[in-house]
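Below, each chain spelled out in residue letters.
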Amino acid sequence: MPPKTRQHVIPRVFLRAFCDPTPHADHPPGVPFEPSVWLLPRSLDGKAKRKAPGSVFTEQRVYTLATEDPELPEIEEWLSRIESNYAVAYKKLKERQELNPAEWDHLFLFVGALHARRLSQVAHWQKQLSQLEKIARAVEKHHTGAERSADKKYAGWEQIGLRSLQLRAESFRNVLKAGAIFLLENMSEVPFASSDRPVASDHLELALLRDWGVPPEIESADEEERNAGFTCFCPLSPELALFTSHNLSPASMVHWWTTYDDNLIASLMWWMILDSESFLIANSEMPFPEPLAKDYARALASM
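Residues numbered from 1 in each chain as written. Predicted model: local features only at pLDDT ≥ 70, side-chain atom pairs only at ≥ 80, totals over all residues. Heavy atoms only, no water.

**Q** Outline the pairing of strand E2 (residues 37-41), listing residues and values.
**A** By the criterion of burial, E2 is predominantly enclosed, with 5 of the 5 residues buried. Note: E2 against strand E3 (residues 49-51), 3 bridges, orientation antiparallel. Within E3, the residue paired with leucine 39 across the bridge is lysine 49. Bridging between E2 and strand E11 (residues 279-282) involves 4 bridges; their strand directions are antiparallel. Paired with leucine 39 across the bridge in E11 is isoleucine 281. (Buried < 20%, exposed > 50% of the residue type's maximum accessible area, 1.4 Å probe, protein only. Helix = DSSP H or I, 4+ residues; strand = E, 2+ residues; numbered from the N terminus. Pairing = 2+ DSSP bridges.)

This is the structure we're talking about:
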């Protein structure tokens, strides 16, 4: 088996849901065309580019540990299994079929991995955990004059941001499952777009969610949890998103939520834009209606 050197930071199984199936205007007739995603600059003031899912958001050996066989990269194999399981769950969701408990878990773990596998997340945790190692080594050396215990305990710690990926993805999954869980079906005029940070998450106040358009009939959680509950938003396609919040109830139950509210979707898309790093991922050259796109661009330019 050849080494898996080219690895996806955002997997193809996710990107395919945002593909535009229409060939380029200059595409030769009779030649097979691979649907492709549109990458829009975050500022919304530049030209969008089309890219095939297999050729974008890839890095060389980014998930391969220095100590392992490059032909059997453990993390890459684990991510591949998650992606295969997600493909089955997503197909059923598209067809509005009920998932079994294992398939729900596959969905949540896939979203957790989408969050944890981002290179900025890996770098963040590498920095934080390296600081922990530095402190532990300093304490041991102060008391013993050596770092023999730390040498054993922190072996391989130079890649701890990567080594902790699976645990971080599973922890994120558990947090998602602890809130009220909604599959948000978008029937508005504003399609969902994703970004190079495909999972937006933050601690948001219930009042903000209400301002965005979360309807009052969706119950709020207990009073003491209303101020800053963990909230997550992950578009899975232009028509479907996972939305979870610890500000809403009942917790740990999945609800289908169909909305025609352009303002709600526009607010969620603004969150996705703000949370992105460089690019939005969409199924058209400009997924937002022109007035909304101009409003977004003006707001971004003023920040």
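**Q** Residues and numbers for helix H9 (residues 262-275), please.
**A** For H9, spanning 14 residues, the distance from its first C-alpha to its last is 20 Å, which sits close to the expected 20 Å at 1.5 Å a residue. By the burial criterion, the buried members of H9 are Leu264, Ile265, Ala266, Ser267, Leu268, Met269, Trp271, Met272, Ile273 and Asp275. The N-capping residue of H9, defined by a side-chain oxygen 2.9 Å from the backbone nitrogen of asparagine 263, is aspartate 261. (Expected span 1.5 Å × (residues − 1). Polar contact = N/O pair within 3.5 Å; in protein donor to acceptor, adjacent residues only side chain to side chain.)

**Q** Mind laying out the pairing of strand E5 (residues 180-186), listing which residues take part and the relevant values?
**A** Where burial is concerned, most of E5 is hidden: 7 out of the 7 residues are buried. Pairing analysis gives 6 bridges linking E5 to strand E9 (residues 240-245), with the strands arranged antiparallel. What sits directly across from leucine 183, in E9, is leucine 242. The pairing of E5 with strand E10 (residues 254-259) spans 6 bridges and is parallel. Counterpart to glutamate 185 in the pairing with E10 is threonine 258.

**Q** With reference to specific residues and values, describe the sheet that holds strand E6 (residues 194-195).
**A** If you trace the 4 strands from one edge of the open sheet to the other, you get E3-E2-E11-E6, paired in antiparallel fashion. Strands with a single pairing partner mark the edges of an open sheet, and in this sheet they are E3 and E6.

**Q** Which residues make up the nonpolar core, and what values do they have?
**A** Membership of the largest hydrophobic core comes to 49 residues, with the highest contact counts inside it found for Tyr63, Leu93, Leu165, Leu236 and Ile281. Put simply, the parts of the chain that give this core at least two residues each are helix H1 (12-15), E2, helix H2 (74-94), helix H3 (101-116), helix H7 (165-178), E5, strand E8 (229-235) and E9. With 9 residues, the single largest contributor to this core is H3. Not counting the four nearest positions on each side in its chain, leucine 93 is found in contact with Leu99, Trp104, Leu107, Leu183, Leu236, Leu240 and Trp256. Among the nonpolar cores identified, the runner-up in size contains 37 residues, and Leu209, Ile218, Ile265 and Met269 belong to it. (Core = buried A, V, L, I, M, F, W, Y, C linked by side-chain atoms within 4.5 Å. Contact = heavy atoms within 4.5 Å.)

**Q** Give a description of the pattern of salt bridges that names residues and reports values.
**A** All chains considered together, the criterion is met by 12 salt bridges. For arginine 117, the salt bridge is made with glutamate 83, and the minimal N-O distance between the two is 2.9 Å. Residue arginine 117 is located in the loop between H3 and helix H4 (119-144), and its partner glutamate 83 is located in helix H2; the two are separated by 34 residues in the primary sequence. On the basis of relative accessible area, arginine 117 is assigned to the buried category, the value being 3%. Given the relative accessible area of 18%, glutamate 83 is considered buried. For glutamate 133, the salt bridge identified is with arginine 137, shortest N-O distance 2.9 Å. (Salt bridge = Lys/Arg side-chain N within 4 Å of Asp/Glu carboxyl O.)

**Q** Give a description of the sheet that holds E8 that names residues and reports values.
**A** Taken in spatial order, the 5 strands of this open sheet run E7-E8-E9-E5-E10, and their pairing is mixed. Strand pairing shows two members of the sheet lacking a second neighbour, strand E7 (200-204) and E10, which therefore form its edges. Strand-to-strand, the axes of this sheet are offset by a mean angle of 20°, without reference to chain direction. Packing against the sheet, H9 makes contact with E5, E7, E8, E9 and E10, and its axis sits at approximately 95° to E8. (Axes fitted to C-alpha atoms, helices over the stretch in contact; angles between N-to-C directions.)

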